[in-house]
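Fold and geometry: a report
Take a look at the letters that make up each chain.
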Amino acid sequence: MKAVGLYRYLPISDPESLLDLEVERPRPQGRDLLVQIQAVSVNPVDTKIRAPKDKVESTPKILGFDAAGIVVETGPECQWYKPGDEVFYAGSNVRQGTNAEYHLVDERIVGRKPKTLSFAEAAALPLTSLTAWEALEDRLGFSLEPGANRGTSLLIIGAAGGVGSIATQLAKRAGFTVIGTASRPETREWALQHGADHIVDHSRPFRPQLEAIGFRDVDAILCLNSTDKHWEQMADVIAPQGKICSIVETSTLLNLERLFGKSVTFAWELMFTRPRYQTPDMARQRDILNRVADLVDEGQIRSTMTEHLSPINAENLRKAHAKLESGRTIGKIVLSGF
């Protein structure tokens, strides 16, 4: 089968940073589905994994997580899917990736593709939807039922990115007063279009901007960009007994003492935790994706695809990685077709 992968970890400008390959088609075992990939999207985690380092792979490393496709074969222990089913999912960070014609994935982290979306539109959603949903409901403890959080303020740092675009939609539907951060006219407009009530500039101090729109502090913060950079400001503007969740690992030790006086809760969210550790509640990701599919088909959530490239090959994936590394993307970049 065709695939795109790497042997060496190189700058994306190097033509060998991602290569067109021919590799053996895998076979499903256990609860695996073999999915014929129709579309994939690219996430910042792809660029982080591919980033230059002194390591050489003896067998090709295939990147990619988000995917939408068609089940063509199932493992002997599968219960929920059959050949011909259209699915979408975000995969696992301890298995080969989705940048291939066929891909193995555990059925417990797979949802049904939204009926009202193309494969390309669907591929933009899984990783960001799972991350946003888990952060808001599982880590911060809020209900995502309609209107459940009226009177609660939520600051989303990086509201125009992939996760931010979904988190804003989910939070608005759940009744939060959503304050998104964005620093460019086009990202401000994008965040407002997806449900943000207010916008502040994350390149400037938060407190005076929040006070200017009537907020002394905020009840919760979802940090989707540079935990290190924003830590002191988050500690400053979070309300007493508030909650902070971040999806971005740090390069320095966080001073948790800054949260002690306010009894603030801090949590990490990593979408890959459940599949990586095969947690007993691993199938929650299937449930979330099916719920997202329902909301999409009901017209309550929309795809955040902003750019569509075809086919899925090394050249186009290098273009997508380069755009993500520029730090100026809005929404999601999707590739489809081999």
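In the nomenclature of an unreviewed UniProt entry, the chain is known as Zinc-type alcohol dehydrogenase-like protein of Alicyclobacillus sendaiensis PA2. Its UniProt record, at the heading Sequence similarities (unreviewed entry), says of the chain: "Belongs to the zinc-containing alcohol dehydrogenase family. Quinone oxidoreductase subfamily."

1. Observations regarding the overall build of the chain
The number of helices and strands found in the chain is 11 helices and 16 strands. Counting only C-alpha atoms and orienting by the principal axes, one finds that the chain spans roughly 60 × 40 × 35 Å. When burial is assessed residue by residue, the chain has 56% of its 338 residues classed as buried. Counting only contacts in the chain whose residues sit at least 6 apart along the sequence, the fraction spanning at least 24 positions is 70%. Summed over all atoms, the accessible surface of the chain reaches about 14200 Å², with 49% contributed by carbon and sulfur. Placing the 40 positive and 43 negative side-chain charges of the chain at their respective mean positions leaves the two points 2 Å apart.

2. Comments concerning the pairing of strand β13 (residues 238-246)
Bridge count for strand β12 (residues 218-223) against β13 is five bridges, and the pairing is parallel. When the bridges of β13 are listed, V218 appears paired with I238. Considered for its hand, the β-α-β crossover made up of β12, helix α7 (residues 227-237) and β13 is right-handed. Here β13 runs beside strand β14 (residues 265-268); their pairing, made up of four bridges, is parallel.

3. Overview of the packing of helix α3 (residues 126-139) against helix α10 (residues 284-297)
Interaxial distance between α3 and α10 falls to 10 Å at its minimum, and their mutual angle equals 105°. For the element pair α3 / α10, the angle class is roughly perpendicular. Note on element contacts: α10 touches α3 through R284, Q285, I288, L289, R291, V292 and L295, opposite P126, S129, L130, W133, E134, E137 and D138. For the contact of α3 with α10, the residue count by class is seven nonpolar, two polar and five charged.

4. Side note on the packing of aromatic side chains
Any pair of aromatic rings gets described here by the distance separating the centres and the angle formed by the planes. All told, the structure shown has four aromatic pairs when counted by the stated rule. Ring geometry for F266 versus W268: centroids 5.0 Å apart, planes at 80°, classification edge-to-face. The exposure class of W268 is partly exposed, given its relative accessible area of 44%. Geometry around W80 places R31 over its ring, the cationic atom sitting 4.8 Å from the centre.

5. Overview of the pattern of salt bridges
This structure, assessed with the given rule, holds 29 salt bridges. The partner of K113 in a salt bridge is E86, with the nearest N and O atoms 3.7 Å apart. Of this pair, K113 sits in the loop between β8 (110-112) and α2 (119-123) while E86 sits in strand β6 (residues 86-89), placing them 27 residues apart in sequence. Among the salt bridges present, the one from K319 reaches E315, with a minimum N-O distance of 4.0 Å.

6. Let's talk about unusual backbone geometry
Across the junction of S310 and P311, the peptide omega takes the value 0°, indicating a cis bond. In this fold, P311 is placed in the loop between β15 (305-309) and α11 (314-325). For Q241, which is not a glycine, the phi torsion comes out positive at approximately 65°. Here Q241 is to be found in strand β13.

7. Remarks on the UniProt feature "domain: Enoyl reductase (ER)" (unreviewed entry) in the chain
This chain's UniProt record puts "domain: Enoyl reductase (ER)" (unreviewed entry) on residues 13-335. The straight-line gap between the two end C-alpha atoms of residues 13-335 is 19 Å; of that span, 31% is helix and 27% is strand.

8. Thoughts on the sheet that holds strand β2 (residues 19-22)
With respect to topology, three strands assemble into an open sheet ordered β2-β1-β4, the strand pairing being antiparallel. Edge positions in the sheet fall to β2 and β4 (53-62), since each has one partner strand and no second. Going across the sheet, the axis of each strand differs from the next one's by a mean of 40°, ignoring polarity. Note: strand β1 (residues 2-9) against β4, four bridges, orientation antiparallel. By the bridge assignment, G5 is partnered in β4 with I62.

9. Observations regarding the nonpolar core
With 79 residues, the main nonpolar core has Y89, L170 and L222 as its most contacted residues. Every residue in contact with L222, bar those within four places of it in the chain, is listed here: A135, L136, L154, L155, I156, I157, A167 and C245. By size, the runner-up hydrophobic cluster in this structure holds 18 residues, among which are I157, F215, V218 and I238.

10. Re the sheet that holds β14
Remark on secondary structure: sheet strands pair via backbone hydrogen bonds, oriented parallel or antiparallel. One open sheet accounts for six strands, arranged β11-β10-β9-β12-β13-β14; its pairing is parallel. Lying at the two open borders of the sheet, with one neighbouring strand each, are β11 (198-200) and β14. Neighbour to neighbour, the strand axes of the sheet diverge by 20° on average, direction disregarded. Of the strands in this sheet, β9 (153-157), β12, β13 and β14 touch α7, which is tilted by about 160° from β13.

11. Side note on the environment of M305
If you trace the backbone, M305 turns up in strand β15. Note: C-alpha distance between M305 and R25 (280 residues apart in sequence) is 29 Å. Those residues in contact with M305 that lie beyond four places of it in its chain are A120, E121, A124, K332 and V334.

So, how was this worked out
Residues numbered from 1 in each chain as written. Predicted model: local features only at pLDDT ≥ 70, side-chain atom pairs only at ≥ 80, totals over all residues. Heavy atoms only, no water. UniProt positions renumbered as here; feature names shortened; annotations may be inferred. Helix = DSSP H or I, 4+ residues; strand = E, 2+ residues; numbered from the N terminus. Buried < 20%, exposed > 50% of the residue type's maximum accessible area, 1.4 Å probe, protein only. Contact = heavy atoms within 4.5 Å. Areas by Shrake-Rupley, 256 points an atom, 1.4 Å probe, with all protein chains shown as cover. Lys, Arg positive; Asp, Glu negative; His and termini not counted. Charge placed at Lys NZ, Arg CZ, Asp CG, Glu CD. Pairing = 2+ DSSP bridges. Right-handed = clockwise from strand over helix to strand, strands pointing away. Axes fitted to C-alpha atoms, helices over the stretch in contact; angles between N-to-C directions. Parallel < 35°, antiparallel > 145°, perpendicular 65-115°, else oblique. Nonpolar A, V, L, I, M, F, W, Y, C, P; charged D, E, K, R; others polar. Phe/Tyr/Trp six-rings, centres within 6.5 Å; stacked < 30°, edge-to-face > 60°. Lys NZ or Arg CZ within 6 Å of the ring centre and 35° of its normal. Salt bridge = Lys/Arg side-chain N within 4 Å of Asp/Glu carboxyl O. Core = buried A, V, L, I, M, F, W, Y, C linked by side-chain atoms within 4.5 Å.

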